[in-house]
Amino acid sequence: MVGGGAREHTLVWKLAQSPRVKEIYAAPGNAGTAQLARNLEINPTDIEALAEFAQENKIDLTVVGPEAPLAAGLADRFLSLNLPVFGATRAAAEIESSKVFAKELMQKYNIPCARSASFADYHQAKEYVRRQKPPIVIKADGLAAGKGVVITESVPQALEALASFMEAKTLGAAGDRVVIEECLSGREMSAFAFTDARTVVPMVPACDYKRIYDNDRGPNTGGMGSFSPPQFFDAALDKVVQERIMAPAVNAMRQEGRPYKGILYGGLMITNSGPKVLEFNARFGDPETQVVLPRLKTDLVDIMQAVVNDNLDQISIEWSEAACVGVVMASAGYPGSYQTGFPITGLDEPDRDIMVFHAGTKTGPAKGQVLTNGGRVLTVVATGKDINEAREKVYHNISRIHFEGSYYRRDIAKIDSEKR
Ligand code: AMP
Ligand code: GLY
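The rules behind these values
Residues numbered from 1 in each chain as written. Chains lettered and ligands numbered in written order. Predicted model: local features only at pLDDT ≥ 70, side-chain atom pairs only at ≥ 80, totals over all residues. Heavy atoms only, no water. Near = heavy atom within 4 Å. Polar contact = N/O pair within 3.5 Å; in protein donor to acceptor, adjacent residues only side chain to side chain. Areas by Shrake-Rupley, 256 points an atom, 1.4 Å probe, with all protein chains shown as cover. Nonpolar A, V, L, I, M, F, W, Y, C, P; charged D, E, K, R; others polar. Helix = DSSP H or I, 4+ residues; strand = E, 2+ residues; numbered from the N terminus. 1 Å grid on protein atoms, 1.4 Å probe; cavity = no way out; pocket = protein on both sides within 12 Å on 5 of 7 lines; lining within 4 Å. Points joined across faces, edges and corners; volume = space filled by probe spheres on them. Buried < 20%, exposed > 50% of the residue type's maximum accessible area, 1.4 Å probe, protein only. Contact = heavy atoms within 4.5 Å. Pairing = 2+ DSSP bridges. Axes fitted to C-alpha atoms, helices over the stretch in contact; angles between N-to-C directions. Right-handed = clockwise from strand over helix to strand, strands pointing away.

Peer 1: Before we go on, may I ask you to explain the site of ligand 2 in this structure?
Peer 2: Taken together, the neighbourhood of ligand 2 is formed by D208, Y265, N281, R283, G285, D286, P287 and E288. Take D208: an N or O atom from its side chain is 2.7 Å from a nitrogen atom of ligand 2. Calculation on ligand 2 without its partners gives an accessible area of 200 Å², and the protein chains cover 88% of this total. By residue class, the composition of the shell around ligand 2 is two nonpolar, two polar and four charged.

Peer 1: Teacher, can you tell me more about the site of ligand 1 here?
Peer 2: With respect to spatial proximity, 15 residues lie near ligand 1, and among them E181, L184, E188, K210 and E279 are the closest. One of the side-chain nitrogen or oxygen atoms of E181 is found 2.8 Å away from a nitrogen atom of ligand 1. At 2.6 Å, a side-chain N or O of E188 approaches an oxygen atom of ligand 1. Protein coverage of the free-state accessible area of ligand 1, which is 480 Å², stands at 87%. Secondary-structure elements contributing two or more residues to the shell around ligand 1 are β7 (136-140), β8 (149-152), β9 (178-182) and β15 (274-281). In terms of residue class, the shell around ligand 1 is built from eight nonpolar, no polar and seven charged.

Peer 1: Quick question: what am I supposed to make of the layout of surface pockets here?
Peer 2: Any space left empty among the atoms is revealed by the rolling of a water-sized probe across them. Approximately 590 Å³ is the volume attributed to the second largest pocket. Residue lining of the second largest pocket: 24 residues in total, with E23, I24, I59, D60 and L61 positioned closest to the centre. Residue assignment for the lining of the second largest pocket shows that the elements contributing at least two residues are β2 (25-28), α2 (47-56), β4 (62-63) and α11 (300-308). The greatest single-element share of the lining of the second largest pocket, amounting to three residues, is contributed by α2.

Peer 1: Help me understand unusual backbone geometry, please; the structure alone is not making it clear to me.
Peer 2: As a rule of thumb, non-glycine residues mostly have phi less than zero, and peptide bonds are mostly trans rather than cis. Across the junction of A27 and P28, the peptide omega takes the value 0 degrees, indicating a cis bond. Mapped onto the elements, P28 comes out in strand β2. Look at the link from P134 to P135: it is a cis peptide, with omega at -5 degrees. Residue placement: P135 occurs in the loop between α7 (122-130) and β7.

Peer 1: Before we go on, may I ask you to explain the environment of P230 in this structure?
Peer 2: Relative to the helices and strands, P230 resides in the loop between β13 (217-228) and α9 (235-255). What makes P230 buried here is its relative accessible area of 1%. Along the primary structure P230 and A206 are separated by 24 residues, whereas in three dimensions their C-alpha atoms are 5.9 Å apart. Not counting the four nearest positions on each side in its chain, P230 is found in contact with M189, P205, A206 and C207.

Peer 1: It is not clear to me how the sheet that holds β8 should be interpreted in this structure. Could you clarify?
Peer 2: Whether parallel or antiparallel, the strands of a sheet pair through hydrogen bonds between backbone atoms. The strand order across the open sheet built from four strands is β6-β9-β7-β8, with neighbouring strands paired in antiparallel fashion. The sheet is open, and its two edges are formed by β6 (116-119) and β8, each paired on a single side. Direction aside, neighbouring strands of the sheet carry axes that sit 20 degrees apart on average. In this structure, β6 lies alongside β9, joined through four bridges in antiparallel fashion. Bridge assignment links S118 to a residue of β9, and that residue is V179. Taken strand by strand, α7 contacts β6, β7 and β9, and its axis lies near 160 degrees from that of β6. Contacting β6, β7, β8 and β9, helix α8 (residues 155-167) crosses the sheet at an angle of about 5 degrees to β7.

Peer 1: Help me out: how do you make sense of the pairing of β2 in this one?
Peer 2: Looking along a regular strand, one sees side chains alternate from face to face of the sheet. As defined by bridge partners, strand β1 (residues 2-3) adjoins β2 across two bridges and the pair is classed as parallel. Opposite G3, over in β2, you have P28 as the bridge partner. The β-α-β motif built from β1, the intervening helix α1 (residues 6-16) and the parallel element β2 has right-handed crossover chirality. Pairing of β2 with strand β3 (residues 38-39) involves two bridges; the strand directions are parallel. What sits directly across from Y25, in β3, is R38.

Printed below as a string of structure tokens:
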């Protein structure tokens, strides 16, 4: 398992349930994965060190969590060494790592998305912006850890965002090119599919919460909570998402000579005129994975090997009807600066059916001790017969876990929240 967040802990937790798994290694993992796997001090983008470890230890399957190693070519290197790997190649991962490429693909293959234009030239971009009606969305082309999208309310604001990406280079080369697009409104959701480049099997969808404070106020974060399924997601919407977006995207990538294998993640806006793509990602979502995988009934190793071996059409993938809610506990100050190293207590206190997935945690010097080690620290997850039951279980249990300055949103999956 490559990565060390709560998404990766959830993946390790699910993989460990497979009777086919003997041993798991996590690079670098966290205090949560340490309970189920052996953590390795290898950086997720140190592709050569990972490949060497996989070769020496005859690793049967390497699963990649985050986007950076995919964009850096981890899958390509592993494939060249005949090492089985679950994750998109560099050329396939461009669907996430280049927003200009993703938009060209969507336009060429008629995949519904916001109207847009792409620019490498700063002056042309400025000219175009001056002719647009606000709100105007400015997106940096490259990977920017959530800092690459600005929704602006006026032309001067849009010009300011352009200047920061293209002139001041605040995001480095990620801002060399930009996408300028219309602002969509509606309900946002995340759709996921497994694919072996031909067969596309949808997962259950989820919604996440990006802002730090209740009622979606304050700065953006890596994600403060999630739930699955969205209540507005019905069979008709499911059909449109699969037939107009997910399957066409995989077919388009194959036709472009970039066969796409692994997870396709569609960040969607459900508008009055149907679902439209905000972005594609080449990996599982975080914190969506924490509420999607607990609903998966099929052995994840079987699915991943079917993807690797190009026979995803041979297996059936089943999901539970249960609803699932996850709430992120973060360090005081996050997403700004924060301190780490505080002991976490009460990790054994939640009811037996509650899942506590670790993100920024590490093992402390005392026996069984766990310390905070990042901005997002834990995702506390419960399933229930419906979202309300799952939500009540999470909030009932989360208050039993403590660390200095811990913060979490109180409104995740709340009944009157716009998202549900
Ligand atoms: P991204 O990094 O592409 O996921 O964008 C971050 C967030 O910006 C998304 O989750 C949306 O909430 C928002 N967003 C991106 N593109 C648009 C758009 N065209 N219209 C409205 N909101 C958008
Ligand atoms: N939940 C947003 C992401 O994983 O990109």
